There are 4 protein chains.
Amino acid sequence: MTDFRSDNTHGASPEIVEALRRAAGGTISSYGRDEITLRLRDRCRELFEHGSLETYPLLTGTAGNSLTIAAMSPPWGGVFCHEDSHIHRDEMGAPEFFSSGAKLFPISGADGKLEATVVETMIREIGGEGRTARPAVVSLTQATEAGTVYTVDEMTAISEAAHRNDCRVHVDGARIANALVTLGATPAEITWRAGVDVLVLGATKNGALAAELLVVFDTTLAPELTTRIHRAGHRLSKMRFLSAQLDAYLTDDLWLRNASHANSLATRLAQGLGTVQGVEILRPVEANIVFARLPRSVDTSLRDHGFLFYPWTLFGEGAVRLVTGFSMAEEDVDSLIAAARSSG
Amino acid sequence: MTDFRSDNTHGASPEIVEALRRAAGGTISSYGRDEITLRLRDRCRELFEHGSLETYPLLTGTAGNSLTIAAMSPPWGGVFCHEDSHIHRDEMGAPEFFSSGAKLFPISGADGKLEATVVETMIREIGGEGRTARPAVVSLTQATEAGTVYTVDEMTAISEAAHRNDCRVHVDGARIANALVTLGATPAEITWRAGVDVLVLGATKNGALAAELLVVFDTTLAPELTTRIHRAGHRLSKMRFLSAQLDAYLTDDLWLRNASHANSLATRLAQGLGTVQGVEILRPVEANIVFARLPRSVDTSLRDHGFLFYPWTLFGEGAVRLVTGFSMAEEDVDSLIAAARSSG
Amino acid sequence: MTDFRSDNTHGASPEIVEALRRAAGGTISSYGRDEITLRLRDRCRELFEHGSLETYPLLTGTAGNSLTIAAMSPPWGGVFCHEDSHIHRDEMGAPEFFSSGAKLFPISGADGKLEATVVETMIREIGGEGRTARPAVVSLTQATEAGTVYTVDEMTAISEAAHRNDCRVHVDGARIANALVTLGATPAEITWRAGVDVLVLGATKNGALAAELLVVFDTTLAPELTTRIHRAGHRLSKMRFLSAQLDAYLTDDLWLRNASHANSLATRLAQGLGTVQGVEILRPVEANIVFARLPRSVDTSLRDHGFLFYPWTLFGEGAVRLVTGFSMAEEDVDSLIAAARSSG
Amino acid sequence: MTDFRSDNTHGASPEIVEALRRAAGGTISSYGRDEITLRLRDRCRELFEHGSLETYPLLTGTAGNSLTIAAMSPPWGGVFCHEDSHIHRDEMGAPEFFSSGAKLFPISGADGKLEATVVETMIREIGGEGRTARPAVVSLTQATEAGTVYTVDEMTAISEAAHRNDCRVHVDGARIANALVTLGATPAEITWRAGVDVLVLGATKNGALAAELLVVFDTTLAPELTTRIHRAGHRLSKMRFLSAQLDAYLTDDLWLRNASHANSLATRLAQGLGTVQGVEILRPVEANIVFARLPRSVDTSLRDHGFLFYPWTLFGEGAVRLVTGFSMAEEDVDSLIAAARSSG
């Protein structure tokens, strides 16, 4: 294992593959009217301590984010997000497409995080003009694209600013399990109790084959989401195969175990790498991603040893991103550290 | 097995589940740059005897149909399709959404089929006016929503009419394997040699968990399709899990074996049911669907025996649809026939 | 005057040109916050006997129709209209564009008119399926594209069918003045009292330079319309120049006088032409349009005499459309009749 | 005259009203196939020294800008513009709407102007990633929203940067006449010879009732523009009334005379106001707009004297915008200066 490119280069947890196998037999109602999908919803209601939330299994985070934003925002809505956010940088305009033209307002902020006061100031400026867009959504990523984690207080402050200004709160939770582990909080505490209206709960990067779950706390959005998902070709006929993945993912803390493992590897990696001559750790390591500036010799040496990872010039010259994953071992991390050290 | 509602209530072929299991380990390039996805493309090039076609694994037929139509048609394009077609009746406006407003022209035609001369007349009428829409796409379903199959000659005639009038040809192949078996033709003969520009090759209804494949013969469409798929949230990061399903599906004729099985059950069903007093078979049975008009007593009796199936009032009062599938057995069919007979 | 092609080949009434001239001086608030625009709204409230209606001056009927439909329908909405309707045949997909993909359901009906029972049956069929579109709008044209006029009872019956099924009622009133004159009713009687939610009151075809007026009886639509109009580039900065046209148009019955004149010319034309050997009048003449089937010799002769008019093959081989207008004289009509007669 | 709010609070030049009056009689081909529209195009070909350009009369600048951008950009295109630009700040997402979701990249720059090197850096960053948007359009405003004017060299540099990176160049010319006068250049020199692909030539703010003209130098865009204009409800049936305004506007240098007058008033205003104690002129005054920071006492006094103008907090606390117009007189300016001086 020498692959630090992304958590989506990993495969699938055996528990999830086994759940698929078990779900493969017999006939069952299609389009989400099956018992596995129902069980998944009930499991989430319990897990999130929220008796009426709705859930929608989906196949990609881009779909989850964009469908949520489209349900929250009119075509002339404003969406406030971090300038490094996946929805702005990496989805080729998916939120604009699904919403029929909403406008994203990318905001800068240290360590990949939005700050409540900055967000509120911008919402009011845009909303006050009335000729640019109608503020509609504040979108957070948890854990962030910078590998950091919002505290519950930070999240709550942002949500309150959003709601005060008639905006809803969307969380891109591609790595929500990693954040949950770091915060040591309950799922409820970092979502609806902190003001989140819809969470896109990611599973793909953390052990599923391809599965994300819309967890909808503001259920007034549910009817429109149902229609939008269908119309976007994101409603699986054999929904059981999505639901089975997610059900297994949330069973026996698999999601937390996988995330905990990846997080601890990232911490180990940062600690080890940080002691190498000339290496600079660029962001706080609070999830499963390490951003580092490598001396050219180290970079070259690592690549020569067969380690795979991406340059990350967004964070400056010489910056790289190293992502750990659920199927990686301590030895993989240690061998990278050793290789870095030897090249010093 | 008493479930004749749809082929999407069935599970997955063991060969496909096993392929997923095998694909689950190790890290691999994401977003379709992996070897399984590449192998799948090469397999299709051989299978379809077409050295430059492109393939895009997708998760739903609605996505495949709509993305194709959007790539073929400007927002002001006209799409000519059968009035019973899935794209018009069942996708909640997905083609309109993906294309930013293309207009569907539903056309009537016996047994779920379009006729070349009728299509051409309508294209010319609409195109001539220049104020309604610009003709852009002719869309066929093979096998049709009426359970019938276009012959190669019928398909060719329609494609020629389309191309003569600057339209491209899209095939919704949710049940293309069933048609292929019935026609006894090669994949090439019923697609690009018959003028098809893009085939949405369905696997979900015939043994996959959730997998469709865009087979793009007109490769000028490829760059735009790549972008559209990403932007619509239909590009899987762990693409291998889609590709592995499709690769297994096309290996050792699994797709044809599954379809052949389902087709023969449908024929058996129609023959048996057709001899029951008062039962009328409403459409030629050329794939895996039987449309029948049942006397009320028969309908009631079947439901009392636990058989599941949908009424189909589109085809008249008392009409029902009975779908056979790859995981169904002869005894399931025979027991339905027996139950029908006993209620007479 | 030999131009029977359309009422939009005519120029502008002197009263309206004069109103523009008067409005041209001085500075005034822009974007519709001026006194002329306010006066226009108040005039309409009085004229339509409706104390809270809202009005939006616009430049084209296509804009008025599409903006209204977009405000009434979600992107997945269904719009029920006549198969000959302008919104379906002549606007190049404008309703689909503005609504982000609503689906039009063209319905046939004698003399260009929808029938309430037919409309209701189709709404229920589409609405019942839940996979095609969500019924949202019934759209009527008054006077119709066939030159006929809905009676108040016919209109009321259609509106009731629409509202019973959660649809709103839009009227394309490009020739509403012509209908009003024919019916001898009040503006209120043929609009909101007959169940109309929004009227697009046309002025362009009947004496304005370019001016249509959205008359919004269902004022819950107003905030969204305001935003949509701005975002579509249809909100004039110098709104006074639109409002001044419409204000003059509705002053001293100018709209009714112009329409009455055009209608009577059409009646005169139909009566005269109907007596010519071989000529067949194809539709009841209830507004300012005559559809006729002309013997080839008559058609040729008229064109040789310099008369301009369009063939109308939609209504059959040899059919033509003859439109009268506010700036046409009786002699124009009589000379056409004479020319037709002489060629017999 | 005490109205310094905007140039769109002014009325219309007598020459233009008279042209409308002359155009009001007789019948004429509709939808732009008339001789006035044709003459206008030919006049522009001569004026811009470009034998094949195409022209499209439109009613609003928002429509002109958005239709152009939509024709230049795919739905996933990137549009690079100044952060203060009208298309980003004031059109409620019109470019996003017309283009079905293009993404605007607002760029900061002194005095309302983009700089070529900054634009090129951003285009390359976005284009290089390939996951955010495909760079498609660079949009300039001339004169800018800050009342400044791009030199021919500045414009050329930006155009070259755009074209080098496969982007087209759009100019929002709401105040192009004001810029032309300032630059003392020919229309050709500041447009296609400087690399502009489409100019939206504004007339409304400078003497027309409501008229803008798309001047299309890159005529490969023409067919799509024709369709888009129709489909957006921006194609007037009685096109002559738009064309007549524009034709008069460009006749006998009316556009330049009006702009020259307004520009000189702005210069006079800035010079006078700049000498008032405590007043700060905030931007170079190169067109017909003056941005100033007023002491509170001066602001209050001016408003008490009945002068109308808008605060402009975008340019800082206490900033105001003062716009001169074609129908304003020197005395209007002088009386404002006097009032400011007296309040010091």
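Structure shown above.
Structural notes, computed from the coordinates. Keep in mind that what you see is a predicted model, and the values were worked out from it rather than measured.

What counts, and where the lines are drawn
- Residues numbered from 1 in each chain as written.
- Chains lettered and ligands numbered in written order.
- Predicted model: local features only at pLDDT ≥ 70, side-chain atom pairs only at ≥ 80, totals over all residues.
- Heavy atoms only, no water.
- Buried < 20%, exposed > 50% of the residue type's maximum accessible area, 1.4 Å probe, protein only.
- Helix = DSSP H or I, 4+ residues; strand = E, 2+ residues; numbered from the N terminus.
- Arc of directions from axis to C-beta.
- Contact = heavy atoms within 4.5 Å.
- Pairing = 2+ DSSP bridges.
- Axes fitted to C-alpha atoms, helices over the stretch in contact; angles between N-to-C directions.
- Buried area = accessible area lost by both parts, 1.4 Å probe.
- Salt bridge = Lys/Arg side-chain N within 4 Å of Asp/Glu carboxyl O.
- Polar contact = N/O pair within 3.5 Å; in protein donor to acceptor, adjacent residues only side chain to side chain.

**Overview of helix α12 (residues 296-304) of chain D**
Residue and element names in this part refer to chain D.
Working step 1: Those residues of α12 that sit buried are Val298, Asp299, Ser301 and Leu302. Relative to the axis of α12, the buried residues are bounded by an arc of 170 degrees and lie together on one face. Opposite the buried face of α12, at more than 90 degrees from it, the exposed residues are Arg296 and Asp304.
Working step 2: Packing partners of the buried residues in α12 comprise β11 (319-323) and α13 (330-342).
Working step 3: One or two positions beyond α12, positive phi appears at Gly306, with a value near 90 degrees.

**Brief notes about the sheet that holds strand β2 (residues 77-82) of chain D**
Residues and elements named next belong to chain D.
Working step 1: Pairing within the open sheet is mixed, and its 7 strands lie in the order β1-β7-β6-β5-β4-β2-β3. For this open sheet the edge positions go to β1 (54-58) and β3 (103-107), each flanked by a neighbour on one side alone. For this sheet the average axis-to-axis angle between neighbouring strands, irrespective of direction, equals 20 degrees.
Working step 2: Across the face of the sheet, helix α9 (residues 222-231) comes into contact with β1 and β7 (212-216) while running at roughly 15 degrees to β1.

**What to know about the interface of chain A and chain D**
Working step 1: On the side of chain D, 21 residues touch chain A, which itself brings 22 residues to the contact.
Working step 2: For the pair chain A and chain D, the summed buried surface comes to about 1800 Å²; carbon and sulfur atoms form 44% of the total.
Working step 3: Per-residue buried area on chain A facing chain D is highest for Arg89, Met92 and Arg131 of chain A; these three make up 36% of the total on that side.
Working step 4: Linking chain A with chain D are 8 salt bridges.
Working step 5: Between Arg89 of chain D and Glu129 of chain A there is a salt bridge, with its nearest N and O atoms 2.3 Å apart.
Working step 6: Inspection of the region where chain A meets chain D yields 16 residue pairs in polar contact (both at pLDDT 80 or more).
Working step 7: Contributions of two or more residues to the side of chain A that touches chain D are made by α4 (86-89), β3 (103-107) and α6 (116-129) of chain A.

**Quick notes on the pattern of salt bridges**
Working step 1: As enumerated under the stated definition, the model contains 92 salt bridges over all chains in all.
Working step 2: Between Glu125 of chain C and Arg89 of chain B there is a salt bridge, with its nearest N and O atoms 2.9 Å apart. Placement of the pair is Glu125 of chain C in helix α6 (residues 116-129) and Arg89 of chain B in helix α4 (residues 86-89), with the two residues belonging to separate chains.
Working step 3: By relative accessible area, which is 34% here, Glu125 of chain C ends up partly exposed.
Working step 4: Of the residues examined, Arg89 of chain B reaches a relative accessible area of 11% and is grouped as buried.
Working step 5: Measuring nitrogen to oxygen at the nearest pair gives 2.9 Å for the salt bridge that ties Asp299 of chain B to Arg303 of chain B. Highlighted residues: Asp299 of chain B and Arg303 of chain B, both in helix α12 (residues 296-304), separated by 4 residues, approximately one helical turn.
Working step 6: Given a relative accessible area of 34%, Arg303 of chain B falls into the partly exposed group.
Working step 7: Residues joined by salt bridges that share partners form a network here, namely Glu18, Arg21 and Arg22 of chain A.

**Focus: the sheet that holds strand β10 (residues 310-311) of chain B**
All names here are of chain B.
Working step 1: Taken together, the 4 strands give an open sheet; going across it, the order is β8-β9-β11-β10, and neighbouring strands pair in antiparallel fashion. A strand with exactly one partner marks an edge of an open sheet, and here the two such strands are β8 (280-281) and β10.
Working step 2: Bridging between strand β9 (residues 289-293) and strand β11 (residues 319-323) involves 5 bridges; their strand directions are antiparallel. Opposite Ala292, over in β11, you have Val320 as the bridge partner.

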